[in-house]
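Analysis of the macromolecular model
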Amino acid sequence: MAKIMEGLYYSESHEFVKIEGEFGFIGITDFAQNALGNVVYVDMPEVDDEVEAGEDFGAVESVKAASDLIAPVSGVVVEVNEALEEEPELLNKDAFANWIIKVELSDKTELDNLMDAEDYKTFCEK
């Protein structure tokens, strides 16, 4: 069973959001990295780019497949995880510790559309 962390918000496309104040750290879940296999490249937006909930903001490529990254929330990118440019496999080592982008949230009510850990666990078991 994939690891699921309490206190995060989850999307049906297997991204997570960790909220700290007005900011959201967005990454892929353990379930997603398991499904992808060995990650070899992460395509990320630039700082100051806007991301829109439900729209793609980049991609993760593995030896098996490429998968679009779908923003679970809207906001402006304030930071990208540059470590992933050199070591994309960090997502396989610990998906939750290695967020992909940090955004300044434009609408916190969008979090209401996401799943909590318990709902996400149920979703993954289907």
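Residues numbered from 1 in each chain as written. Predicted model: local features only at pLDDT ≥ 70, side-chain atom pairs only at ≥ 80, totals over all residues. Heavy atoms only, no water.

Across its full length, the protein carries four helices and nine strands. Order of helices (α) and strands (β) in the protein, N terminus to C terminus: β-β-β-α-β-β-β-β-β-α-α-β-α. At 13 Å, the protein has a C-alpha radius of gyration in line with the 14 Å of a compact globule built from 126 residues. With the C-alpha coordinates of the protein rotated into their principal frame, the extents come out at 35 × 35 × 20 Å. Put simply, 64% of the contacts in the protein that link residues at least 6 apart link residues at least 24 apart. A total accessible area of about 6700 Å² is found for the protein, and carbon and sulfur atoms account for 43% of it. Taking the 8 positively charged and 31 negatively charged side chains of the protein as two groups, their mean positions are separated by 10 Å. (Helix = DSSP H or I, 4+ residues; strand = E, 2+ residues; numbered from the N terminus. Rg over C-alpha atoms; globule rule 2.2 N^0.38 Å. Contact = heavy atoms within 4.5 Å. Areas by Shrake-Rupley, 256 points an atom, 1.4 Å probe, with all protein chains shown as cover. Lys, Arg positive; Asp, Glu negative; His and termini not counted. Charge placed at Lys NZ, Arg CZ, Asp CG, Glu CD.)

A few words now on the environment of phenylalanine 23. The residue phenylalanine 23 is located in strand S3 (residues 23-28) in this model. The exposure class of phenylalanine 23 is partly exposed, given its relative accessible area of 27%. Along the primary structure phenylalanine 23 and valine 60 are separated by 37 residues, whereas in three dimensions their C-alpha atoms are 22 Å apart. Those residues in contact with phenylalanine 23, other than ones at most four positions away along the chain, are Lys18, Val78, Lys102, Val103, Glu104 and Leu105. (Buried < 20%, exposed > 50% of the residue type's maximum accessible area, 1.4 Å probe, protein only.)

As a further point, take the pairing of strand S2 (residues 15-20). As paired strands, strand S1 (residues 9-10) and S2 are joined by two bridges and run antiparallel to one another. When the sheet's bridge partners are listed, tyrosine 10 is paired in S2 with phenylalanine 16. Counting the residues in the hairpin turn of S1 and S2 gives four residues, including histidine 14, whose phi is positive at 70°. The pairing of S2 with S3 spans six bridges and is antiparallel. (Pairing = 2+ DSSP bridges.)

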